Amino acid sequence: MTSYQLRAWLGERVPVADIVEALRRKRVPEHRYSIWYYFGGMTLFFFIVQVFTGGLLLLYYRPSAGEAYESVQFIMTRVPFGWLIRSIHAWSANVMVATALAHLFSALFLHAYRRPREITWVSGAFLLLLILAFGFTGYLLPWNELSFFATRVGTDMAGTVPGVGHFIVRFMRGGRDVTGATLTRLFGVHVAILPAIATALLGLHLFLVQRHGMSVPPSVWEESRRTGRATASIPFLPDFALRDLFAWTVGLALLAGLAAFYPWELGVKADPFASAPAGIRPEWYFLWAFQTLKYVPASVFGVNGELLVVAALGIGAALMVVLPFVVPDRPHARRVLVWFAAAVLAYMALLTFLALRAQGGGPTP
Ligand code: HEM
């Protein structure tokens, strides 16, 4: 069979030509904020890295309290390039949270959540929550001291929810305390349940992005209306795709540098019967919430302080998801939203800084 015949055979069965044709027609707006269009693609790149390196780690990792720590030790010392794959997986997880946050805030500041992209936003917001859940469930898997006690603190927080809190804690831990049962449970969530949901949501998100094309921010649109000049744009193929690829290459170089010069540490094996050591902390992206808990008094007007923080976080997450439906598409409302989001961002940055300063160290490892 010649290559022409092979292409004709494939083309008849898989509509590749139609997809390429659609991408060929696609154009991406070019303006002073265009740089932010690359963060979704970079998040996608780190997601792919996670799937690939996670699959390799699965070949050697053992999800039980008796073997987890030793299996990670084995990966790092005996498996060829095991240390590199583990380090890339851990670093990529962290960089991905950062790019996903940058992507979310840029979509918000550029008002890309507006009609007809509401569902693109909602699927993205759920993806961010999933990424955080990936981080939380993956943290315990090496079964080291730091992650063991941080998981105990993290799961404890759910216990403050009135009525169902006790049930949620038991459900997350697979028992009363953090044990091997918790590890097996979080492992299942980390490698099967979350990837399945994330893949489906990501499919929807990317489909909608292709369907609607990239949005033009209201200020840029206003400007082109005032001047009577159409907003500039570049073709997706090959111009934008090549720039995207360049951003991916930068991401890969960053990961290689971080993994090679700062290999992810394993720490000491968890001892569930030991008392919690000093300096227990979650991953950097949960630090601001962790620090908030420290400042809120045990009781505020007779209400449990921890419960207030958990409630505020829950309401904040819910508002983030439904944002396109609660913010009217009017200039004044958009301005209020920008100031509100900037205040939230400043609060998160300040509390993360205070938490790091209190610990006298940088982010994990
Ligand atoms: C796994 C996580 C995510 C991946 C892989 C991802 C991927 C992408 C990609 C590739 C694009 C097109 C390029 C771009 O605008 O950057 C995009 C657009 C978009 N994403 Fe995401 N995204 C993720 C999470 C999120 C989050 C957390 C939000 C916000 C809640 C979000 C909201 C949006 C919106 C509104 C657009 C359309 C932007 C526009 O038309 O200007 N995404 N996403």
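Our structure is the block above this text.
In what follows, the accompanying structure is described.

Cut-offs and rules
Residues numbered from 1 in each chain as written. Predicted model: local features only at pLDDT ≥ 70, side-chain atom pairs only at ≥ 80, totals over all residues. Heavy atoms only, no water. Near = heavy atom within 4 Å. Polar contact = N/O pair within 3.5 Å; in protein donor to acceptor, adjacent residues only side chain to side chain. Helix = DSSP H or I, 4+ residues; strand = E, 2+ residues; numbered from the N terminus. Donors = N, O, S within 2.8 Å, 3.2 Å for Na, K, Ca; no water. Tetrahedral: all angles 85-135°; square planar, octahedral: opposite > 155°, others 65-115°. Buried < 20%, exposed > 50% of the residue type's maximum accessible area, 1.4 Å probe, protein only. Phe/Tyr/Trp six-rings, centres within 6.5 Å; stacked < 30°, edge-to-face > 60°. Lys NZ or Arg CZ within 6 Å of the ring centre and 35° of its normal. Axes fitted to C-alpha atoms, helices over the stretch in contact; angles between N-to-C directions. Parallel < 35°, antiparallel > 145°, perpendicular 65-115°, else oblique. Contact = heavy atoms within 4.5 Å. Nonpolar A, V, L, I, M, F, W, Y, C, P; charged D, E, K, R; others polar. Left-handed = near helix turned anticlockwise from the far one by under 90°.

With that settled, consider the site of the ligand. Among the 24 residues in the neighbourhood of the ligand, the closest are listed as Y37, H103, G124, H205 and S215. The contact in question runs from an oxygen atom of the ligand to an N or O atom on the backbone of G40, over 3.0 Å. A distance of 3.2 Å separates an oxygen atom of the ligand from a polar side-chain atom of R117. Elements that contribute at least two residues to the shell around the ligand include exactly helix 3 (38-58), helix 5 (82-109), helix 6 (118-140) and helix 9 (180-212).

This part covers the coordination of the iron atom of the ligand. Taken together, the protein donors to the iron atom of the ligand comprise H103 (NE2) and H205 (NE2), at separations of 2.1 Å. Its six donor atoms give the iron atom of the ligand angles of 86 to 180° at the centre, a pattern that matches the octahedral case. Here the residue H103 occupies a position in helix 5, and H205 occupies one in helix 9, the gap between them amounting to 102 residues. Taking the relative accessible area as the measure of exposure, H205 reaches 11% and is therefore buried.

Enumeration over the complete set of coordinates arrives at 16 aromatic pairs. Each ring, one from F136 and one from F286, has its centre 6.5 Å from the other, and the planes form 85°; the classification is edge-to-face. A residue pair is termed long-range when its members are at least 10 positions apart, and F136 in helix 6 and F286 in the loop between helix 11 (236-261) and helix 12 (287-295) qualify at 150 residues. Between F167 and F171, the aromatic rings sit 6.2 Å apart at their centres with planes inclined by 20°, giving stacked as the arrangement. With F167 and F171 both in helix 8 (residues 165-173), this residue pair falls four residues apart, about one helical turn. Residue class for F167 comes out exposed when judged on its relative accessible area of 58%. An aromatic cluster of three or more residues is present, and its members are F136, W284, Y285 and F286. We note R185 situated over the ring of F171; from NZ or CZ to the ring centre the distance is 5.7 Å.

Across the junction of R115 and P116, the peptide omega takes the value 5°, indicating a cis bond. Along the polypeptide, P116 turns up in the loop between helix 5 and helix 6. Of the consecutive residues L237 and P238, the connecting peptide bond is found in the cis state with omega at 0°. Even without being glycine, F301 reaches a positive phi, approximately 50°. Relative to the assigned elements, F301 resides in the loop between strand 3 (299-300) and strand 4 (303-304).

The next thing to look at is the packing of helix 5 against helix 14 (residues 331-359). Each pair of packed helices can be summarised by the angle the axes make with each other and by the distance between the axes. The N-to-C vectors of helix 5 and helix 14 enclose an angle of 160°; their axes lie 10 Å apart at closest approach. As far as their axial angle goes, helix 14 and helix 5 are roughly antiparallel. In this structure, helix 5 contributes F105, L108 and F109 to the contact, and helix 14 contributes L337, V338, A341, A342 and L345. For the contact of helix 5 with helix 14, a count of residues per class yields eight nonpolar, no polar and no charged.

Below, the discussion takes up the environment of R225. Position of R225 among the secondary structure elements: in helix 10 (residues 218-227). R225 gets classed as exposed once you look at its relative accessible area, which sits at 56%. Considering only alpha carbons, one finds R225 and V16, 209 residues apart in sequence, at a separation of 37 Å.

Right, let's talk about the packing of helix 12 against helix 13 (residues 305-326) for a bit. One can describe the packing of helix 12 onto helix 13 by two numbers: an axis separation of 9 Å at closest approach and a directional angle of 150°. Comparing the axis directions of helix 12 and helix 13 gives the class roughly antiparallel. Remark: the crossing between helix 12 and helix 13 carries right-handed chirality. From helix 12, W288, A289, T292 and L293 reach across to helix 13, where they touch E306, V309 and L313. Across the contact of helix 12 with helix 13, the residue classes break down as five nonpolar, one polar and one charged.

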